[in-house]
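Structure at a glance
Residue strings, one per chain:
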Amino acid sequence: MSQINLTIDGKSVAVEPGATVLEAARRAGVAVPTICDHKDLSPYGACRMCIVEIEGVRGFPTSCTTPAAEGMQVRTASPELESLRKRTMELMLSGHPNSCLVCPHREACESMRPKATKAGRSTRCGFCSNKEECDIRTMALEAGSRDLNLPTLYAAHNLERGDPFMDRDYNLCILCARCWRICEKIHGKPAISIINRGKDARVGTAFHKSHVHSGCTFCGSCIDICPTGTLTDRFARWYGKPDAKTPSACLLCPEGCALIAQTHSGKLVAATMTAFQSEASLCALGRFGMAQIVNASTRLLRPAIRENDEAFTVDWDTALDSAANGLKQHAGRVGILISAATTREERHLYARLAAGLNGRFAVVPTLPVDPLPAGQGTPLPEWLADIQSGKITALILGGDFLERELARSLDFLLVIDGLPVRVQDQADVVLPAALLAESAGTLRTAAGQIRSLARISRAPGQAKSEWEILRDIGQKLDIAEMHFDTLQDVTAAITDDAPPASFPGRPRQDVFSLPATYRGHLLADIIPALSAFGLPTTYDPSQEVQPTEGFELLEIRELVPNMHLLRIHAPQVAAHAKPGQFVILMARETSERAPFTLADWDAATGSITLIIEEVGRSSRELISLSQGARLAHVSGPLGQAFPVERKGTVVLGGGCYGIGAILPLARALKEAGNRVISVIEGSSAYLLYWEDKIRAVSDELRIATKDGTRGTYGGVQEVFQEIREREEDQGAAINMIVAVGCTFMMRMVSELTKPWDVSTFVALNPIMVDGTGMCGACRVSIHDETKFACIDGPFFDAHGVDWDELACRRGAYAREEVEALPQTVDLNTLMFPETAKQGCGCGG
Amino acid sequence: MATTQRTKIAKLDMTEIFENHGRSRDNLIPLLQEIQEHLDYLPPEAISRVADHLGLSENDVYGVATFYAQFRFHPPGRHRIKVCQGTACHVRGGGMVLDAISRKIGIVPGETSPDGNFSLERVACFGSCALPPVVVVDDTVYGRMTARKTEKLIEGLE
């Protein structure tokens, strides 16, 4: 068929019939901005960024949906197009939190805080886990303008965190429909759709059903194609942009799907499809499960042996000697029971070991829940009965397949696994194995294909690749057939392995037929979210002890997005609290201790009020409590009270959670006879709160927003500057400045006021543990002198603070803070009642 | 849900409606309209059966249905309250009237009160633009309403 010739911005280009103008432009090397367009999706024309002018065509057609025609004269850039695109961008941003994009302090802030804050709601780029990969942000930054003429409309949709594996925040959605389109492309009947219309239009499900019941298979393609932070992988989201993507395959069932392993700092964080195609789709376990298995907190880390009923951790050589000696003594009476979720090389070496020891060998298949009749576990080989009759006296166990009762009949038990087994304490030797993406090898799919597994994730502790463990045991036992130098030699030695039986379920189409176990371990025990799909677990949420003693939560509500007010019954704290002091909270006995400034209190009713911003695990745990719940601990009041004296004119600045913190200071300073000017700062107008309360105890209230939607455009520092100029014009002076907010904000204030020679106080927020001066975690340097923020602070002379040291110490546990977030069972127990409540959504 | 509604759904044999329509996608809106004509609203079962009949995702069927103002997803209450949000009513405080009713009954537009007494709808214009703001209860038009007056009106209906 002949080609179509057209010109784009004066450049002649020839394309195949059926090609779009956008494709022709790309062929001609002309860049046209796009958002809803995606190479794996058919044209949609929603975002209207790709508009062009075509000679003889009225208006501004979208190039992505316009077929190229012979002789077309296309212009992709003109003043009209620029102006229209700018307006389109503004409209899109008015429905997408954008304060960081227009903030005058963006560069400074981001150089000091390169990692996004782990907030519940992403009310700005700095709170968004997709910051490094966001198409909207990239486009807005490339456009370079900080001039937005439309207001920000925060939709205030509920956060959707009740489904397994994915967090959804439709307040960030720009309705490009990529998620819906990819879902339809891969699954035919999409699990989501665009519902409602006009300004209420959004992505959702029929009757707001949970995704577990809307037909979703949790393949994650919507997450991977979303240009914004709306859809995120709950586990991977806060690690940041993956630093490597490696082709590999999935060992979790005989399907052996090909996938792309995403790693960050040498750790697997997710696995994605090799292409946005139906045939390439992954099941929930393949997409989300693998990373959670390898990162499980229960992983076996060190080799151990048991002597005289006592277990010791030992070095590898000692452990391997013990293993080999034990096996040697039982040669001819050894059984080997391993999982099908092993590589060909591992199975080959196990088979050779069995032959060398003249023992029995069986591979336990991976099965979904359904084919297993109630009460009957995984099908095990018949020869296991020989343990009782004494024909088998030693067992090599490569998974959680053995009952404790049967293990008692064994004389020697060697466990080779990466996760603890039920008979762990009965084992004579335990060898920690690398799992899944932690070791290389090959697998054969049920369809007969051979796929390679890449070793891309660092095994924890001293865990070693299983093939190396086996080879070393073989060497210790002098089995010549097990002498291999490299893994490739093992692979080459495999000549006749048959493909495994196909998996009796369709996990990629039906989320209720996922494999129930991995190496005999109940998957829902390792990944609690899987129990939402009916996978069995030994975990029983009803056994969770709900505290009946402790401090009652009298009130809890989200004041503004991501900022929560908690009023707690703590009469002793309320009776003794002074402005500037703080408390340490523990939601439950096992929680981390987390410090919060007292925003208000009432000695008469014995209640204290705190403003808590959701920025990590502890704050999330606290804000997830319901009214009437009891907090395990409230310690306080802690820290030094702010020195309230009559100074004259005092300027207070509060940003974000600090707005709440300046209320008691303003009240006390005003009562002491000061002229109090309070300045509150929010990223955007819709994030401001307590304006009336603070105005009532101040002589003047000023507002600053980072996007200029209210008050002064900028932060408290811009307002401080304005106030100083005004006071100087009137021959007056500022006698004291106090700032409470994020470290960046307080540092900016400190730098601003240093040359002014006005005493400036900031409330420092280092990592804190006990809050009573014992642990030293909250150490800060003030005028080169070490102070403890908990007992000497929290208020210090801003001009003496070593800010770099503070920032460094605050970031010390960045990775642990991320790891603490999604792996805990606590968060899943918070999640399940909600899922159960939603039911099928039919309202019946 | 009122008992009468439950009976109605149980009794309705949707088979006939489905038999009269082919399985191509262009039957979607006529099907939804006919079902609503019989049931007065579209319950989740209806959306799901329409999806099955046409081989579509029920999410997509729901997406289409929620696009059109004519479709309801809650059984109408014994009293149907419609509040005009057209231009004339808007400028004379129709929004405040709607909010007041919403607060009084405890439901948002599109919903029916749990006791089945009231359903609340927002309407673009009744053509009674000389009487803004306008509230229509069942088939009676009430003009020049205020929040207080509508509250009294609802109390009278209970």
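Residues numbered from 1 in each chain as written. Chains lettered and ligands numbered in written order. Predicted model: local features only at pLDDT ≥ 70, side-chain atom pairs only at ≥ 80, totals over all residues.

Thoughts on the overall build of chain B
Along chain B, the regular secondary structure elements total 8 helices and 4 strands. In chain B, the order of α-helices and β-strands from amino to carboxyl end is α-α-α-α-α-β-α-α-β-β-β-α. Its C-alpha atoms give chain B principal-axis dimensions of roughly 50 × 35 × 25 Å. (Helix = DSSP H or I, 4+ residues; strand = E, 2+ residues; numbered from the N terminus.)

Quick look at the overall build of chain A
Counting its regular elements, chain A contains 24 helices and 38 strands. By its C-alpha atoms, chain A is 100 × 80 × 55 Å across when sized along the principal axes. In chain A, buried positions account for 50% of the 844 residues. Taking the contacts inside chain A whose residues are at least 6 apart along the sequence as the reference set, 65% of them involve residues at least 24 apart. (Buried ≥ 20, exposed ≤ 12 C-beta atoms within 10 Å, placed from the backbone. Contact = placed C-beta atoms within 7 Å.)

Let's talk about the domain arrangement of chain B
Here chain B is described as being made up of domain 1 (3-67) and domain 2 (79-157). Inter-centroid distance (C-alpha atoms) of domain 1 of chain B to domain 2 of chain B is 29 Å. (Domains from an automatic or database assignment.)

Observations regarding the confidence of the model for chain B
Any residue range with low pLDDT should be treated as having predicted coordinates unsuitable for detailed reading. All names here are of chain B. The pLDDT averaged across chain B works out to 88; a share of 91% of its residues lies at or above 70. Mean pLDDT in chain B bottoms out at helix α1 (residues 3-11), which sits at 53, and peaks at helix α5 (residues 58-67), which reaches 96. In the model output, the complex is listed with pTM 0.89 alongside ipTM 0.85. (pLDDT = per-residue confidence, 0-100.)

A short note on the pairing of strand β34 (residues 736-740) of chain A
For a regular strand, side chains alternate in direction, first toward one face of the sheet and then toward the other. Residue and element names in this part refer to chain A. In terms of residue burial, β34 counts as a mostly covered element, since 4 of its 5 residues are buried. Here β34 runs beside strand β35 (residues 759-763); their pairing, made up of 4 bridges, is parallel. Bridging from a neighbouring strand, I737 pairs with T760 of β35. Where the polypeptide runs from β34 across helix α21 (residues 743-753) and back to β35, its parallel neighbour, the crossover connection is right-handed. (Pairing = 2+ DSSP bridges. Right-handed = clockwise from strand over helix to strand, strands pointing away.)

Looking at the sheet that holds strand β17 (residues 412-417) of chain A
Residues and elements named next belong to chain A. Pairing is mixed across the open sheet formed by 7 strands, whose spatial order is β13-β12-β18-β17-β16-β14-β15. With partners counted over all chains shown, the strands left at the sheet margins are β13 (310-313) and β15 (360-364), one partner each. Neighbour-to-neighbour, the strand axes of the sheet open up by a mean angle of 15°, direction not taken into account. Here strand β12 (residues 304-307) runs beside strand β18 (residues 429-432); their pairing, made up of 2 bridges, is antiparallel. Looking across to β18, one finds that I305 is bridged to V429. The sheet contacts of helix α9 (residues 316-329) involve β12, β14 (334-339), β16 (394-398), β17 and β18, and relative to β18 the element is tilted by about 130°. Running at roughly 155° to β15, helix α10 (residues 344-356) makes contact with β14 and β15 of the sheet. (Axes fitted to C-alpha atoms, helices over the stretch in contact; angles between N-to-C directions.)

Points about the interface of chain B and chain A
Facing 11 residues of chain B, the contacting portion of chain A comprises 16 residues. Those elements that place two or more of their residues in the side of chain B that touches chain A are α4 (44-54) and α5 of chain B. Of all the elements, α5(B) adds the most residues to the side of chain B that touches chain A, at 7 residues. Split by residue class, the side of chain B that touches chain A holds 5 nonpolar, 4 polar and 2 charged. (Nonpolar A, V, L, I, M, F, W, Y, C, P; charged D, E, K, R; others polar.)

Notes on the sheet that holds strand β2 (residues 118-123) of chain B
Residue and element names in this part refer to chain B. The mixed open sheet is built from 4 strands, whose spatial order is β2-β1-β3-β4. Each having just a single partner strand, β2 and β4 (140-142) make up the two edges of the open sheet. In this sheet, adjacent strand axes meet at a mean angle of 20° when their direction is disregarded. As paired strands, strand β1 (residues 79-84) and strand β3 (residues 135-137) are joined by 3 bridges and run antiparallel to one another. Within β3, the position partnered with I81 by the bridge is V137. Lying on the sheet, helix α7 (residues 94-105) is in contact with β1, β2 and β3; it crosses β1 at an angle near 150°.

Some points on the nonpolar core
Residue and element names in this part refer to chain A. Residues C179, M290, L397, L413 and L414 are the most contacted members of the largest nonpolar core, which totals 183 residues. For this core, the leading source of residues is helix α8 (residues 284-294), giving 7 residues. Beyond its immediate chain neighbours, meaning those up to four positions away, L397 contacts L337, L402, L413, L414, V415 and V421. Within the second largest apolar cluster, 85 residues are counted, among which are L663, V676, F720 and A739. (Core = buried A, V, L, I, M, F, W, Y, C linked by C-beta atoms within 7 Å.)

Focus: helix α2 (residues 79-94) of chain A
All names here are of chain A. Relative to the 22 Å expected for 16 residues at 1.5 Å per residue, α2 spans 22 Å between its end C-alpha atoms, a close match to the ideal helical length. Taken together, the buried positions of α2 are occupied by R85, M89, M92 and L93. Buried residues of α2, viewed axially, fall in a sector of 95°; they line one side. Those residues of α2 that are exposed and aimed more than 90 degrees away from the buried face are P79, E80 and S83. Along its buried surface, α2 packs onto α5 (135-143). (Expected span 1.5 Å × (residues − 1). Arc of directions from axis to C-beta.)

What about the packing of α9(A) against helix α13 (residues 466-476) of chain A?
Residue and element names in this part refer to chain A. The interhelical angle for the contact between α9 and α13, taken along N-to-C directions, is 60°, at an axis separation of 9 Å. When the axes of α9 and α13 are compared, the pair comes out oblique. At the point where α9 passes α13, the crossing takes the right-handed sense. Listed contacts from α13 to L320, D321, A323 and A324 of α9 are D472, I473 and K476. (Parallel < 35°, antiparallel > 145°, perpendicular 65-115°, else oblique. Left-handed = near helix turned anticlockwise from the far one by under 90°.)

Some thoughts on the domain arrangement of chain A
All names here are of chain A. Each assigned domain of chain A is listed with its residue range as follows: domain 1 (4-133), domain 2 (155-294), domain 3 (304-493), domain 4 (551-636) and domain 5 (649-813). Between the C-alpha centres of domain 1 and domain 2 there is a distance of 23 Å. The residue inventory of the side of domain 1 that touches domain 2, partitioned by class, reads 9 nonpolar, 7 polar and 6 charged.

Overview of the packing of α4(B) against α5(B)
Residue and element names in this part refer to chain B. Direction vectors running N to C along α4 and α5 enclose 115°, while the axes themselves pass 8 Å from each other. Considering the relative orientation of α4 and α5, their crossing is right-handed. Residues I47, S48, V50 and A51 of α4 pack against E58, V61, Y62 and A65 of α5. Here the residues of the contact of α4 with α5 are counted per class, giving 6 nonpolar, 1 polar and 1 charged.

Side note on helix α20 (residues 716-729) of chain A
Residue and element names in this part refer to chain A. Along its 14 residues, α20 runs 20 Å from first to last C-alpha, staying within 8% of the 20 Å computed at 1.5 Å per residue. All buried positions along α20 are accounted for by V716, Q717, E718, V719, F720 and I723. Buried residues along α20 sit against β30 (649-655), β31 (675-682), β32 (700-705), β33 (712-713), β34 and α21.

Observations regarding the pairing of strand β24 (residues 563-569) of chain A
All names here are of chain A. β24 sits mainly inside the fold: 6 of its 7 residues count as buried. As judged from the 6 bridges shared by strand β23 (residues 551-560) and β24, these two strands associate in the antiparallel manner. In the sheet register, L553 faces β24, and the bridge partner there is I568. From the end of β23 to the start of β24, which pair antiparallel, there are 2 residues, and N562 there has a positive phi angle of about 75°. Here β24 runs beside strand β27 (residues 607-613); their pairing, made up of 7 bridges, is antiparallel. Each residue of the ladder has a partner; that of H569, found in β27, is S607.

Quick look at unusual backbone geometry
Omega for the bond connecting G636(A) with P637(A) falls within 30 degrees of zero, at -5°, which places this linkage in the cis form. Within the fold, P637(A) resides in strand β29 (residues 633-638). Note that the residue after P132(B), namely P133(B), is joined by a cis bond; omega there is -10°. Positioned with a positive phi, D757(A) is a non-glycine residue whose angle comes to about 60°. Note that D757(A) resides in the loop between α21 and β35. What makes D757(A) exposed here is the crowd of 9 C-beta atoms within 10 Å.

Looking at the environment of D797(A)
Residue and element names in this part refer to chain A. On the secondary structure map, D797 appears in strand β38 (residues 795-797). Spatially, the C-alpha atoms of D797 and T760 are 5.9 Å apart, while their sequence positions differ by 37 residues. Not counting residues within four places of it along the chain, the set of residues in contact with D797 comprises S759, F761 and I782.

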